[in-house]
Amino acid sequence: MSVGTQTELTKMSVGTQLSTGTLRETHTRSKGLQATVSFKIVDTETTAAVYDVPFSSTPVKATGFRPHKRPRLDLEEEEEGSVREPHDSTFNPGDSTISEESEISFVQRTIYGDNKFIVFETCLRELFATCPICKHKCDVSLRRIGTYVAFLQLCPKCSYHKQWESQPTVGSTPVGNLQLSAATYFTGGSFIQVQKICKGMQLQIFTYETFRRHCRSFLEPAIIHKWKRDQQKLFQKFRQSGNIGLAGDMRADSPGHSAKYGSYTLMHTESSTILDIQLVQSNEVGGSYHMEKEGLKRCLDHLESSGLTVDYIVTDRHTQIQKYLRERSINQFYDVWHFEKGLSKKLEQLSKNKECVGLKKWLRSIRNHVYWSASTSTTGPEKVAKWSSIVNHIQNVHVHDSPTFPKCAHPDRVSKNAAKWFNPASLELHKVEKVLCNKRVLRDVAKLSHHFQTSSLEAFHSLILKFTPKNVVFPFMGMLCRLFLAVLHHNENIGREQATTATGKPVFKVVFPKSKKGEPIARPLKTEPTYNYVDDLMKLVFEEVIVDPAPFVEELQAIPVPMAISAELERPSKEETIARHVSRFSREVAESQHSNQPDLETPGVSGIQHRKE
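Per chain, the residues get numbers from 1 upward, laid out in the order the sequence is written. In keeping with the predicted nature of the model, local features appear solely for residues at pLDDT of at least 70, side-chain atom pairs appear and are counted solely at 80 or more, and the whole-chain, interface and lining totals rest on all residues. The side-chain quantities take in all heavy atoms of the structure and omit both hydrogens and water.

### A short note on the pattern of salt bridges
Spelled out, the test is: Salt bridge, as applied in this entry: a Lys or Arg side-chain nitrogen positioned within 4 Å of an Asp or Glu carboxyl oxygen. Helix numbers and strand numbers start at the N terminus; a helix is a DSSP run of H or I with at least 4 residues, a strand a run of E with at least 2. Under the scheme applied here, a residue whose accessible area is under 20% of the maximum for its type counts as buried, over 50% as exposed, and between as partly exposed, the area being computed with a 1.4 Å probe on protein chains only.
Tallied over the entire structure, the rule returns 17 salt bridges. A salt bridge links Asp230 to Lys226; the nearest nitrogen and oxygen atoms lie 3.1 Å apart. Residue Asp230 and its partner Lys226 are located together in helix α5 (residues 208-239), separated by four residues, close to a single helical turn. Taking the relative accessible area as the measure of exposure, Lys226 reaches 6% and is therefore buried. The salt bridge partner of Arg298 is Glu294, with a shortest N-O separation of 3.0 Å. Pair noted here: Arg298 and Glu294 are both in helix α7 (residues 291-305), with a separation of four residues, about one helical turn.

See below:
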C-alpha cells in the first residue's frame, strides 16, 4: 500500500491526496528543460476513476516516471472505501479506469462543502522532500495559521520552487479555521472542549480569541439575520390564520432567584412552532423575580407590532403574569401539569400525617382526576363541577347535587374493599376536602386549559440545555444567539414522525423516570433529527456575510445589550483584592500565633484541635 500520491489502481493511498485546485505550479525550470509531472488520484470511496493530471501544457506519458514507493502498510482500521485487488474474481480494470483520451470531469463543490481529512505532517513533508524535476533534495519551509498550513518547496540545484496550501483563504482568513468555528457554534458545541480534544491528539487548532473574533464578525451576525428572516416568514404565515393560541413560559439559566438570564418563549399551540423568544437580564428589571413578566411583555409587544392577534395564552400560575394578562384583556388558561404538580405536593405532605394515612391510596386517582376534569370539559363551571365531585366519590357517593355534573361517569359497581372509602364525619376527610376544594383551587380549576398544554414548551427548554448548558457562563449576545439556534433546531424538527422497524412496527423505549418512582413507561422513539439550518447558516456565512459583513454587523449592533451586572458594582484595585485574600485556615493559624496565651475555648484554636484529631 503506497503512502505517496502516485499509486497503482491496486494500491490505496493513505497520504495526502492533492487536488488540481490546491497544487499550483509556480516553479522556474532550468534552461532547455521541459517536463511534465503527473500523478494519479484514487477515490477510495467510489473506486470509480483514476485521473492523470498534467502540470504543464505539454502532455507526456507518465509511464516513464514513477517516484519511489514506500513499503506496503497493514491498516487494521475500518476504511470508508476499498479497492479490489487484481486477484479478486470480480475485478475488472475496464470498470474502474479512464483512458488517457477520456474527458475528465470533476464534481463542482463550494470551498466550504469540500471533504476534509486528518493528515500527518510527516506525510505532507514527504510530498515535497525531493524535486520532481531533478530528483535532488529540496529545502522545505512551513507556515501555520490554526488548522491552515502552507509548504514552500525550493530546489537548490534547478531552482524549482512551489508553494502549496492545505486550504483556500478568503482575504486573510483560512476557510478551514472559520468553518471549524462555525460548525462548533452552529451545532451548540463548546470550543473549549473542541480545543481540548485537538490538543489531546496534537491536532493543530487556533486560539479561543480567534474563535471569539469569528463569532463577533461573522457567525453571530449570520444567526441574527437568519432568525429574523425566518421569523418574518412565520409571522406572514400565521397572520393569514386569524387569532392564534399561544403557550408561554420562562426558563432561567440557574435555579432559584439568583438567575442572571431569563428567556421567555411563546409557542403556537396547534403547530408547536416557536414564534418568539426574548432574553432578559436580571439587572434590566431590578431582579430575577420580575424577568418573566418583562419577557412576556416583550414577546406580546413584538407579536402585536407584527400584526398578530392573540386569542388566548396557556401559562403557569405566576401571579404577576395573571395580573398582567388581565390588564391586557387576554384570555389566560393554566397548564394542567403545573397545577397538578403543586397540588400533589400538598397532598403528599398531608398523607404523611397519621390522621390521613388513607389518603396515600387515592393520590394517583386524584392526579388522574385533575387531567380528566380539564380534558373532558369546555367551560369553567363544568371543570369545577367535575373536580368537586371527587369529594363525594372518595366517600362512595356517586350522585351529586350539581346540575352540571349530577352523576359520576364511571359505571356502577359494588366495591369489595369498604376500608378504602373515607368516613363522612372523619377529621381525615375534612383536611383532604380543605386542600381539594378551597377557593383558590376552585378558581384555578376553572381556568385549566382543556385544549393544549405547555408540555412541548417544556421539551424545548430541555433542548436549550444542549445549546446553553447551565454550568457555562455566556455573554448576553452569545446567550441570545444560542437561544435562536435552539429555536431553529426545534422548528425544523417539530414534524418528526415515530420511528418504525423494517416491518413497520412503531418503536418504543422503556424508561424509568424518577417522577414515577420506579414505574416503567413506554416512550415513543422518533426519527433522527435533521440539521438543515446548519447548512443554511454555512451558506450564509461563506456566500454573503464574509463577502460584505457590514450590513449583518449593523443588524446585530441594533440589538440593545444591557450593561454587565459587574459594571454596577464598585470595583477595587487588583492589589487591594489580593491583599484581602486570606484563607480561613491561614487566618486561624495567624490568630493563634499572635496570641500570647492560647485559649482552647477560642473558636479558631478549638477548630484546629478538632481537625488534628
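### A few points about the sheet that holds strand β3 (residues 139-145)
Stated precisely, the cut-off is as follows: Each pair of strands is called paired provided DSSP finds at least two bridges between the two strands. Geometry is summarised by axes, namely lines fitted to C-alpha atoms with helices restricted to the contacting stretch, and by angles between N-to-C directions that run from 0 to 180 degrees.
On the basis of which strands lie adjacent, the open sheet formed by three strands has the order β3-β4-β5 and antiparallel pairing. Edge positions in the sheet fall to β3 and β5 (161-165), since each has one partner strand and no second. If you compare each strand with its neighbour and ignore which way they point, the axes differ by 15° on average.

### Some words on the packing of aromatic side chains
Selection rule: Any two of the Phe, Tyr and Trp rings considered here, Trp counted by its six-membered ring, make a pair once their centres fall within 6.5 Å; the pair's planes then place it as stacked at under 30 degrees, edge-to-face at over 60, or tilted in between. We count a charge as sitting over a ring when the NZ of a lysine or the CZ of an arginine lies within 6 Å of the ring centre and within 35 degrees of the ring normal.
Using the criterion set out here, one finds 15 aromatic pairs in the structure. Summarising the aromatic geometry, the rings of Phe191 and Tyr208 are spaced 6.1 Å apart at their centres and angled 40° between planes, so their arrangement reads as tilted. In this pair, Phe191 sits in helix α4 (residues 191-200) while Tyr208 sits in helix α5, placing the two residues 17 residues apart along the sequence. Three or more aromatic residues joined by ring pairs make a cluster, and in this case those are Tyr185, Phe191, Phe206, Tyr208 and Phe211. In this structure, Lys386 is placed above the aromatic ring of Trp372, and the distance from its NZ or CZ to the ring centre is 5.0 Å. Over the aromatic face of Tyr185 sits the side chain of Arg482, whose NZ or CZ is 5.0 Å from the ring centroid.

### What to know about the sheet that holds strand β8 (residues 244-252)
Which entries qualify depends on this criterion: Working rule for contacts: check all heavy atoms of both residues, and any pair within 4.5 Å makes them a contact.
Ordered in space as β10-β9-β8-β11-β12, the five strands form an open sheet in which the pairing is mixed. For this open sheet the edge positions go to β10 (273-281) and β12 (331-334), each flanked by a neighbour on one side alone. Each strand axis lies, on average, 25° off the axis of its neighbour in the sheet, ignoring direction. By the bridge criterion, four bridges tie β8 to strand β11 (residues 310-315) in an arrangement that is parallel. Bridged to Gly245 within β11 is Tyr312. Its contacts with the sheet place helix α8 (residues 319-327) against β11 and β12, and it is angled at close to 155° to β12.

### As for the nonpolar core
Quick note on the threshold: The set of buried Ala, Val, Leu, Ile, Met, Phe, Trp, Tyr and Cys residues whose side-chain atoms join them within 4.5 Å is what this entry labels a nonpolar core.
Tyr185, Phe186, Leu219, Phe460 and Leu485 are the most contacted members of the largest nonpolar core, which totals 55 residues. Here this core takes 11 residues from helix α15 (residues 476-493), the largest share from any one element. If we ignore the near neighbours within four places in the chain, the residues touching Leu485 are Tyr185, Phe186, Ile223, Phe467, Tyr533 and Leu537. Within the second largest apolar cluster, 26 residues are counted, among which are Leu359, Leu363, Leu436 and Val445.

### Concerning the layout of surface pockets
Note the cut-off: Cavities and pockets are found on a 1 Å grid laid over the protein atoms alone: a cavity is a set of points where a 1.4 Å probe fits but cannot escape, a pocket is an open set with protein on both sides within 12 Å along at least five of seven lines, and a lining residue has an atom within 4 Å of such a point. Grid points are joined across faces, edges and corners, and a volume is the space filled by probe spheres set on the points.
Its volume calculated, the second largest pocket comes out at about 2100 Å³. Elements with a contribution of two residues or more to the lining of the second largest pocket: α9 (336-351), α10 (363-375), α14 (455-467), α15, β13 (508-511) and β14 (521-524). Broken down by element, the residue count for the lining of the second largest pocket peaks at nine residues, all from α14.

### Quick notes on the packing of α10 against helix α11 (residues 380-393)
Inclusion rule: Throughout, the term roughly parallel applies to angles under 35 degrees, roughly antiparallel to angles over 145, roughly perpendicular to angles from 65 to 115, and oblique to all others. Here a crossing is called left-handed whenever its near helix is offset anticlockwise from the far helix by less than a right angle, and right-handed whenever the offset is clockwise.
Relative orientation of the contacting elements α10 and α11 amounts to 160°, with a least axis distance of 9 Å. The angle between α10 and α11 falls in the class roughly antiparallel. In this structure, α10 meets α11 at a crossing whose hand is right-handed. Across from Ile366, His369, Val370, Trp372, Ser373 and Ala374 in α10, the residues of α11 making contact are Lys383, Lys386, Trp387, Ser389 and Ile390.

### Some details on the side chain of His318
By the element assignment, His318 lies in the loop between β11 and α8. The exposure class of His318 is buried, given its relative accessible area of 16%.

### Observations concerning the environment of Asn491
In plain terms, the rule: Nitrogen and oxygen atoms within 3.5 Å of one another constitute a polar contact, given that in protein one can donate a hydrogen and the other can accept it, and given that sequence-neighbouring residues count only through two side-chain atoms.
One can find Asn491 in helix α15. Considered as a pair, Asn491 and Tyr533 are 42 residues apart in the sequence and their alpha carbons are 9.9 Å apart. Excluding residues that lie within four positions of it along the chain, Asn491 makes contacts with Trp227, Leu234, Thr273 and Ile274. Here Ile274 takes part through its backbone nitrogen, which lies 2.9 Å from a polar atom of the side chain of Asn491.

### Observations regarding the confidence of the model for the chain
Regions with low pLDDT should not have their predicted coordinates read in detail. Convention followed: Known as pLDDT, the predictor's confidence for each residue is given on a scale from 0 to 100.
On average, residues of the chain carry a pLDDT of 80, and 77% of them reach 70 or more. Predicted confidence is poor over residues 1-107, with pLDDT under 50, and the contacts of this stretch with residues over four places away or in other chains come to 150 contacts. Low pLDDT, under 50, characterises residues 600-613; the stretch is placed with 10 contacts to residues that sit more than four places away or in other chains.

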